[in-house]
Every structure is written in structure tokens, then in C-alpha cells.
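Summary of structural features
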Amino acid sequence: MTLEEDGIEAMQEDEKQVTVQFVAENGQTMFQPFEVPRNITPQKLQLVLKALFTDESDKNRPYLFFVNDTEIKENLSTATQFMIIDYEKTLHITYQPQAVFRVRGVTRCTSSLSGHGEPVISSLFSPDGRFLASGSGDKTVRFWDLTTETPLHECKGHTNWVLAIAWSPDCQNLVSGDKSGNIICWDPITGKQKGKTMTGHKQWITCLSWEPLHLAPGGVCRRLVSASKDGDVRIWDVVTGQCARNLTSHTASVTSVRWGGSGLVYSASQDRTIKVWRAQDGALCRTLQGHGHWVNVLALNTDYVMRTGAFDPKDAKIVPDEIKETGAKLKELAAKRYKSVIDAVGEELLVSGSDDFTMFMWKPEKEKKCIARMTGHQQLVNDVKFSPDMRLVASASFDKSIRIWCGKTGKFMAVLRGHVQAVYQLAWAADSRLLVSGSADSTLKLWSMDTKKLHTDLPGHGDEVYTVDWSPDGQRVVSGAKDKLLRIWRK
């Protein structure tokens, strides 16, 4: 057979019809099967899907298409060329809705914010993207004005390094925990302390997490959970400044804590276990075991939707409005958003990262057996984050790499190499298409999820970058480093 005949045969093969059926992510089949040529492109599939949908909001969304977990990039026949497919049966094509909006990658540093006298340990944007706060080894918390990118308030009150900060989901409060074990609540508008200092922990605070807005009584965020080196997990009421519950069962330092959307509190510890508590009465529900070394970090697939609460990133404006809604209204909006994401994914998933170089994926509400063991890192895992659309998990490690995993099954998808030293922290863009990482090599790097490759390199800091965050409105990235500076990066 000549090359020409070979080519003709391949073309005829491509033009053959195949029966396909669109399947939603949750496995539902809403449309009848139909025939398409084997060389159909994703753009044409998009048009077909658009014609089938009746709802206007569904029509206007971009989609990705998958066959047996393989993305259709060029056309259907190239995606299936290494698969054994029975063309007499219907081929299932899964469609995944993508974010309606697109976050543009940041490219330049627009300001270097000096003021802290010691390394910046934590920096966080508020859920509505209006405020920026940072905590440092100089014992202060600082608020920054984002419209002018200048200092706003300097909050003094801690007697030791500020190690952890957390915004309440309604943007009314910021709490900070220090190396002496004290927790202080601040008002972002005035920069003054609210209520009294919360004392009780005997050693330093490692992590703070607020009760999600959709669970808060009357839509007022009052309760938060703190983890400490002393092995205790405490639930606080910020209005009274009292410790409402002390959850003691860990036998070593508690490294990470999360308040889940169904009213459960998850805590990870250096005793190699993760414990699941019921927040309302402090009962220990189950202990998740499996790690062979300290557990460093926890991530929930609902983290992002609970962090942003009532403030949907797709409705973000260039200059955020002041919050005029009542607490009850905000709670209603947050509950609606939380319900819509839980309907899409089915349930809350937890991923834990550890010093044993591995990660585990759990269904902590129901079972204590892990659903996936995620191996591949060659050093300890430092940070784990679910993407806002909950389809991907990114993990950062001391082995200088970042790994991307499937957010449903925990399967390995890609490794991102480029940093030349340990990667400390990660932050996702609100549309899940970009990821930013901060590293000990003093750079930030932006990674594209479309290509799974480096998008932009952002040098500029003079020393290790300890903290990065991407504002929920997608406009800015902030980084804090050992060089005592905060830098703001924009398009």
C-alpha cells in the first residue's frame, strides 16, 4: 500500500461516524445519543452542546470535553487513538463547565509595601477582595489600602511573632494568633482590637479557621477554631472572648485545622492522625490514620467557596462595593453557593499532606478509610490546595516541585518543575486556570492549567517567599517574604 493510499484510508477512517452521548460530571445523561464524525473538534462539540441546552446560563459557559478521563484537545480521534473502543457501543463524552470569567495572569510588581520590621509570615486578602492584611515576626498585624496600595493600619497588641491570621467570611473581623498562644480579633475598618485577647493555649498558635458563613447563627460570624503546638483544638466566641470548647485528644502539636461546611471540625497533628470533631458538642467522630509521619496540612474541596462565602468571584468589580447586605442576607447567599457546589461534587473531600512525602484523600463525613493515597513527592509536602472549581488539587513540596492531582479520584495528572528551592505556598486564581507558587528561591511562579507549564516567572523579592495569596476578585497577587516586604503583583 502506498503512502497516499494510507493517507486516504486514514481520512476515511476519520470521517466515519461514531455514536456519542454527553454525560454531566455527576454521571447524569440529559440528552439522547447522536452521531458525529470521529474527527469532531472540541469547538464543534461546544456548539452541539450549546444547541442542546435550554438554560441561557448553561449556553454561555465554556466547556471542556473528556473521553475516559482524557481531555479532547485536537479532535475526538486523536484523543481516542490509544484506547480500545467498541464503536458499536455509544461513546460517553463527559462535559465539564469552566468558569464564565477569566482571570488574567499577573505580570509585574506594582508596589513594594515596606513597614514590617521582621519577615512577613502570612498575608491574606479579605473574602470580598477589599482589604489586605499581613502578620509578621515584628509582633504586628498590618492592614493595607488596596486602592492606593499604601499602609492603612498598624495593629499592636501581640507580645510575640504573629504566626497565623484568618478573615471572617463576612469580612467584619480578622483574627491573628501569636507565638505566645494568644489570639486577637481586629476591626479592618478602624484597625482597633475588638473585645479582649483570647488566652488559653499554652504554646504557639499554628492555624486559625472560622465557622463558615452559611452555618453562622443569624449570619454573624462569631466562632472560630484554633490549633496550637500544645496539642489542643479550641473553639472560641470572639464576641465574649471566651473559649467555648476545648477539644483534647491529640498527643502532639496540632498543625492544621479546618471548619467544614457540614458542621464538622477537622484537625491534623504531628501525632500522625487527623481527627474529625462535631463542632456543636465537641464530640470526636472519628480518627483518620494512615500517615507515617507528621501531618502538615489539610485542604477541603469546599475551602474556596467557604472562604469567599457570599461574595461570588464572578460578580467581582474593579473597585469593590461596601457591604450593604444584612448578615441574614449574606448567610442566605453563602448557603446558596455552598449548596450549589455540594450538588455538583456530591460531598466534602479532605486531602492531607504529610512529612512522609505522601498525601491521602478522605471522605471524612462518612468513612475513616482513605479513598486515595497520592504518592510522588520526594520530600515532605508543605501545602495542599483544591482549585476553586474543585476539579484539581495542587501540592507543594520541599522537593522543589508542584504536583497536580485529580480533585475527585486523587489520580496524578502533572508535575510542574521550575523552582530551584523548596516551594512553600500555593494560591489558585478564582477561575482555576492559573496557579501561583512562592518559594525559598525568592521567586513567585505562575503556572497555566491549560498547558500544565510555567506561565510567568515573577522575580523581585530579596529572600525566601513565605506567603502568597490571590485576591478573590482576581486582580492582584500578594507575596510576603523574609526580606520584610509585601509585594503586590498585577496585570
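Up top is the structure these notes are about.
Keep in mind it's a predicted model, so treat the numbers as computed, not measured. (Residues numbered from 1 in each chain as written. Predicted model: local features only at pLDDT ≥ 70, side-chain atom pairs only at ≥ 80, totals over all residues. Heavy atoms only, no water.)

1. Quick word on the overall build of the protein
Condition: The helix count covers DSSP runs of H or I at least four residues long, the strand count covers runs of E at least two residues long, and both are numbered beginning at the N terminus. The globule rule used for comparison is 2.2 Å times the number of residues to the exponent 0.38, while the radius of gyration itself is calculated over C-alpha atoms. When checking whether two residues touch, look at their non-hydrogen atoms; a contact exists if any pair is within 4.5 Å. Note on areas: Shrake-Rupley with a 1.4 Å probe; residue coverage comes only from the protein chains shown.
In terms of regular secondary structure, the protein is built from six helices and 37 strands. The C-alpha atoms of the protein give a radius of gyration of 24 Å, which matches the 23 Å a tight globule of 491 residues would have. Counting only C-alpha atoms and orienting by the principal axes, one finds that the protein spans roughly 80 × 45 × 45 Å. In the protein, once contacts between residues fewer than 6 apart in sequence are set aside, the share between residues at least 24 apart is 52%. Entry remark: accessible area of the protein is about 21,100 Å², with carbon and sulfur atoms responsible for 50%.

2. Observations regarding the pattern of salt bridges
Should the charged atoms of two oppositely charged side chains come close, the side chains can pair. Our working definition: Should a side-chain nitrogen of Lys or Arg be within 4 Å of a carboxyl oxygen of Asp or Glu, the pair is scored as a salt bridge. For every residue, the accessible area obtained with a 1.4 Å probe (protein chains only) is divided by the maximum for its type, and the residue is called buried under 20%, exposed over 50%, and partly exposed between those limits.
According to the stated counting rule, one finds 23 salt bridges in the structure shown. For the salt bridge of Arg-130 with Asp-128, the shortest nitrogen-to-oxygen distance reads 3.1 Å. Classification of Asp-128 by relative accessible area gives buried; the value is 11%. Where salt bridges share partners, they join Glu-25, Asp-389, Arg-391 and Lys-408 into one cluster.

3. Observations regarding empty space enclosed by the protein
Filter applied, for reference: In this analysis, the protein atoms alone were mapped onto a 1 Å grid. Cavities are point sets where a 1.4 Å probe fits without being able to get out; pockets are open sets with protein on both sides within 12 Å along at least five of seven lines; lining residues have an atom within 4 Å of a point. Grid points are joined across faces, edges and corners, and a volume is the space filled by probe spheres set on the points. Under the convention adopted here, Pro, Cys and the residues Ala, Val, Leu, Ile, Met, Phe, Trp and Tyr are nonpolar, Asp, Glu, Lys and Arg are charged, and Gly plus all remaining residues are polar.
Enumeration according to the criterion identifies one cavity of 30 Å³ or more in this entry. Considered as a void within the structure, the largest cavity measures approximately 40 Å³ in volume. As for the largest cavity, its lining consists of Pro-169, Pro-212, Leu-213, His-214, Val-305, Met-306, Gly-309, Ala-334 and Tyr-338. Contributing elements (two or more residues each) for the lining of the largest cavity: α5 (303–308) and α6 (327–345). In terms of residue class, the lining of the largest cavity is made up of seven nonpolar, two polar and no charged.

4. Focus: the sheet that holds strand β17 (residues 232–237)
Worth spelling out the cut-off: When DSSP finds two or more bridges between a pair of strands, those strands are recorded as paired. Each axis is a line fitted through C-alpha atoms, taken for helices only over the stretch in contact, and angles between the N-to-C directions span 0 to 180 degrees.
Read from one edge to the other, the open sheet built from four strands follows the order β15-β16-β17-β18, with strand pairing classed as antiparallel. Looking along the sheet, the strands with just one partner apiece sit at the ends: β15 (205–210) and β18 (242–248). Neighbour to neighbour, the strand axes of the sheet diverge by 20° on average, direction disregarded. Strand direction decides the pairing type here: β17 and β18, joined by six bridges, are antiparallel. Bridge pairing links Arg-234 to Asn-246 in β18.

5. Section: the packing of aromatic side chains
The criterion, for reference: To pair, rings of Phe, Tyr and Trp, with the six-membered ring standing in for Trp, must have centres within 6.5 Å; the planes then decide the type, stacked if under 30 degrees apart, edge-to-face if over 60, and tilted in the middle. Lysine and arginine charges are scored as sitting over a ring when NZ or CZ, respectively, is within 6 Å of the ring centre and within 35 degrees of the ring normal.
One pass over the structure, following the stated rule, counts 13 aromatic pairs. An angle of 55° between the planes, with centres 5.5 Å apart, marks the rings of Phe-22 and Phe-34 as tilted. Taken together, the positions of Phe-22 in strand β1 (residues 17–23) and Phe-34 in strand β2 (residues 34–37) put the pair 12 residues apart, joining distant regions of the chain. Ring centres 5.6 Å apart and planes at 75° place the aromatic pair Trp-405 and Phe-412 in the edge-to-face group. In this structure Phe-412 comes out as partly exposed when scored by relative accessible area, which is 42%. Taken together, the ring pairs connect Phe-22, Phe-31, Phe-34, Phe-53, Tyr-63, Phe-65 and Tyr-95 into an aromatic cluster. Note that Lys-179 overlies the ring of Trp-161, its terminal NZ or CZ placed 4.9 Å from the centroid.

6. Details of the pairing of strand β36 (residues 477–481)
With five of five residues buried, β36 lies mostly within the body of the structure. Side chains Val-477, Ser-479 and Ala-481 project from β36 onto one buried face, and the interleaved Val-478 and Gly-480 project onto a second face that is buried too. Across five bridges, strand β35 (residues 465–470) lies against β36 in antiparallel orientation. Bridge pairing in β36 links Trp-470 to Val-477. Sheet topology note: the β36/strand β37 (residues 486–490) ladder contains four bridges and is antiparallel. From the neighbouring strand, Gly-480 faces β37, where its bridge partner is Leu-486.

7. Digging into the nonpolar core
Defined as follows: Here, nonpolar core means buried Ala, Val, Leu, Ile, Met, Phe, Trp, Tyr and Cys residues that are tied together by side-chain atoms lying within 4.5 Å of each other.
Within the largest apolar cluster, 20 residues are counted, with the highest numbers of intra-cluster contacts made by Phe-22, Leu-49, Phe-65, Ile-72, Leu-76, Ile-93 and Tyr-95. Secondary-structure elements contributing two or more residues to this core are β1, α2 (42–52), β3 (63–67), α4 (76–79) and β5 (91–97). Ile-205, Trp-210, Trp-236 and Ala-310 belong to the second-largest nonpolar core, a separate cluster that totals 19 residues.

8. Looking at the sheet that holds β5
A sheet is described by the order of its strands in space; here five strands give the open sequence β2-β1-β5-β3-β4, paired in mixed fashion. Every other strand in the sheet has two partners, leaving β2 and β4 (70–71) as the edge strands with one partner each. Here β3 pairs with β5 via four bridges, running antiparallel. What sits directly across from Phe-65, in β5, is Tyr-95.

That's the geometry; what it means functionally is another story.
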